[in-house]
Amino acid sequence: RNGFSCDSYITYDFESYDYSDYFTDTERLNTSTGDIMGDFCDLVLNKLATHHMFHEFQEHLPTIYATIYNGNLVEIEDYDISEVIRTSPLVIKGLRGSQGDKVLIIEKESGEITTRTGSGSVSEISDIFSVFSSAYISEYINQHEYADHLYPDSTNTLRVITMVDTETNNAFIPCAVQRIGSSSTDGFDNWSQGGLSSAIELNSGKLGEAAERKGGE
């Protein structure tokens, strides 16, 4: 109704705000990333390109050890993946994808490579590469203790929305949310996989009530 799905009537505050204050689901579904980003679309959709785009903030980025192309490993710099995984988990992410798709967290235990997503184990790390046509392998980052306290078995991320005022050309933050994983999200915090979402009060940084999506409701 009015261009909004049933979910939106639960998520949005239509009692305080008019329908016209929101971007409808019909508009969202008919608007692609390319419509918004134009010629810069590939920089946003390709995770490796995005990583290099932010190279000046290297201290805030995970180290990339290798890429996977057509199932083959292409190591970067002087890193030896088989040695790195002996001491630390690794993250494999498809160059494109969203909602936790094409992401594996792998580690070595008792001589076997295991995943944290319930996908079993293999004896050689190369056995995993074949499932990816294009991906990168990076270091595993331990999250801040506050995020670990929310739920320790997933990476709980902050999603900060930025927009540009068309009149002043200045960027601003209209809203931000804290994503939180759960026992049903398989190590991730994605809303689409059953993770929780909590609005952040921008001035104080306090978290509001958290909600989750179950069975399309």
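Rules behind the numbers
- Position numbers for residues count from 1 along each chain, tracking the sequence in the order it is written.
- Totals for whole chains, interfaces and linings use every residue, but because this is a predicted model, local features are given only for residues with pLDDT of at least 70 and side-chain atom pairs only at 80 or more, for both listing and counting.
- Only heavy atoms go into the side-chain values, all of them from the structure, while hydrogens and water stay out.
- Counting from the N terminus, the helices are DSSP H or I runs at least four residues long and the strands are E runs at least two residues long.
- Using a 1.4 Å probe, the Shrake-Rupley method yields the accessible areas, and only the shown protein chains count as cover for residues.
- Exposure is judged per residue with a 1.4 Å probe applied to protein chains only, and the accessible area is read against the type maximum: over 50% gives exposed, under 20% gives buried, and values in between give partly exposed.
- A strand pair is defined by DSSP finding two or more bridges across the two strands.
- Axis angles are defined between N-to-C directions and span 0 to 180 degrees, where every axis is a line fitted to C-alpha atoms and, for a helix, only to the segment in contact.
- The pairing test for Phe, Tyr and Trp rings, Trp by its six-membered ring, is centres within 6.5 Å, and the orientation test on the planes gives stacked under 30 degrees, edge-to-face over 60, and tilted for anything in between.
- Throughout, a residue-residue contact means that at least one pair of heavy atoms, one from each residue, lies within 4.5 Å.
- Among the buried residues, those of types Ala, Val, Leu, Ile, Met, Phe, Trp, Tyr and Cys that are joined through side-chain atoms within 4.5 Å form a nonpolar core.
- Every case where a carboxyl oxygen of Asp or Glu lies within 4 Å of a side-chain nitrogen of Lys or Arg is listed as a salt bridge.
- Two distance rules govern patches: like charges are joined within 9 Å, and nonpolar side chains (Val, Leu, Ile, Met, Phe, Trp, Tyr) within 5 Å, applied only to residues with over 30% relative accessible area and no salt bridge.

**Some details on the overall build of the protein**
The helix and strand inventory of the protein stands at eight helices and eleven strands. Accessible surface for the protein amounts to roughly 14,400 Å². Of this, 49% is attributable to carbon and sulfur atoms.

**Considerations on unusual backbone geometry**
Residue Asn 169 is not a glycine yet carries a positive backbone phi of 65°. Tracing the backbone through its elements, the reader meets Asn 169 in the loop between strand E8 (158–164) and strand E9 (171–180). Asn 169 gets classed as exposed once you look at its relative accessible area, which sits at 63%.

**Focus: the sheet that holds E9**
On the basis of which strands lie adjacent, the open sheet formed by four strands has the order E8-E9-E10-E11 and antiparallel pairing. Two strands close off the open sheet at either side, each with one partner strand: E8 and strand E11 (207–212). Neighbour-to-neighbour, the strand axes of the sheet open up by a mean angle of 25°, direction not taken into account. Bridge analysis of strand E10 (residues 196–200) against E11 gives four bridges, and the strand direction is antiparallel.

**Description of the packing of aromatic side chains**
Following the criterion strictly, the structure yields 13 aromatic pairs and no others. Look at Phe 4 and Tyr 9: their rings are 6.4 Å apart centre to centre, the planes differ by 85°, and that puts the pair in the edge-to-face class. Between the aromatic rings of Tyr 17 and Tyr 22, the centroid separation amounts to 6.4 Å while the plane-to-plane angle is 85°, which identifies the pairing as edge-to-face. Among the residues examined, Tyr 17 registers a relative accessible area of 47% and is labelled partly exposed. An aromatic cluster is present here, built from Phe 4, Tyr 9, Tyr 12, Phe 14, Tyr 17, Tyr 19 and Tyr 22 joined pairwise through their rings.

**Some remarks on the environment of Trp 191**
Relative to the assigned elements, Trp 191 resides in the loop between E9 and E10. Linking Trp 191 and Ala 211, residues 20 residues apart in sequence, is a C-alpha distance of 9.2 Å. Among all residues touching Trp 191, those that are not within four sequence positions of it are Arg 179, Ser 197, Ala 211, Glu 212 and Arg 213.

**With respect to the nonpolar core**
Ranked by size, the top nonpolar core spans 16 residues in total, and within it Ile 68, Leu 90, Ile 92, Ile 106, Ile 128, Phe 132 and Ile 137 carry the most contacts. With sequence-adjacent residues up to four places away left out, Ile 68 is seen in contact with Ile 92, Phe 129, Phe 132, Ser 133, Ser 134, Ala 135 and Ile 137. Residues Val 91, Val 103, Tyr 140 and Phe 188 belong to the second largest nonpolar core, which totals five residues.

**Some words on the pattern of salt bridges**
Within this structure, the stated rule accounts for two salt bridges. Linking Arg 86 and Glu 83 is a salt bridge whose minimum nitrogen-to-oxygen distance equals 3.4 Å. Within this pair, Arg 86 and its partner Glu 83 are both found in helix H6 (residues 81–87), separated by three residues, close to a single helical turn. The class of Glu 83 is partly exposed, set by a relative accessible area of 43%.

**Focus: the pairing of strand E7 (residues 134–139)**
Pairing between strand E1 (residues 64–69) and E7: five bridges, direction antiparallel. The residue bridging Ile 68 from the neighbouring strand is Ala 135, located in E7. In terms of strand pairing, strand E3 (residues 90–94) meets E7 through five bridges, oriented antiparallel. Bridge pairing in E7 places Gly 94 opposite Ala 135.

**Focus: the side chain of Thr 24**
The residue Thr 24 is located in the loop between helix H1 (6–11) and helix H2 (25–29) in this model. Residues contacting Thr 24, with those up to four places away along its chain left out, are Asn 2, Gly 3 and Phe 4.

**Structural notes on a nonpolar patch on the surface**
Taken together, the side chains of Ile 36, Met 37, Phe 40, Leu 43, Val 44, Leu 45, Met 53, Phe 54 and Phe 57 make up a nonpolar region of the molecular surface, amounting to roughly 790 Å² of accessible area. Residue assignment for the nonpolar patch shows that the elements contributing at least two residues are helix H3 (33–37) and helix H4 (41–45). Here the nonpolar patch gets three residues from one element, more than from any other, and that element is H4. What makes Phe 40 exposed here is its relative accessible area of 54%.

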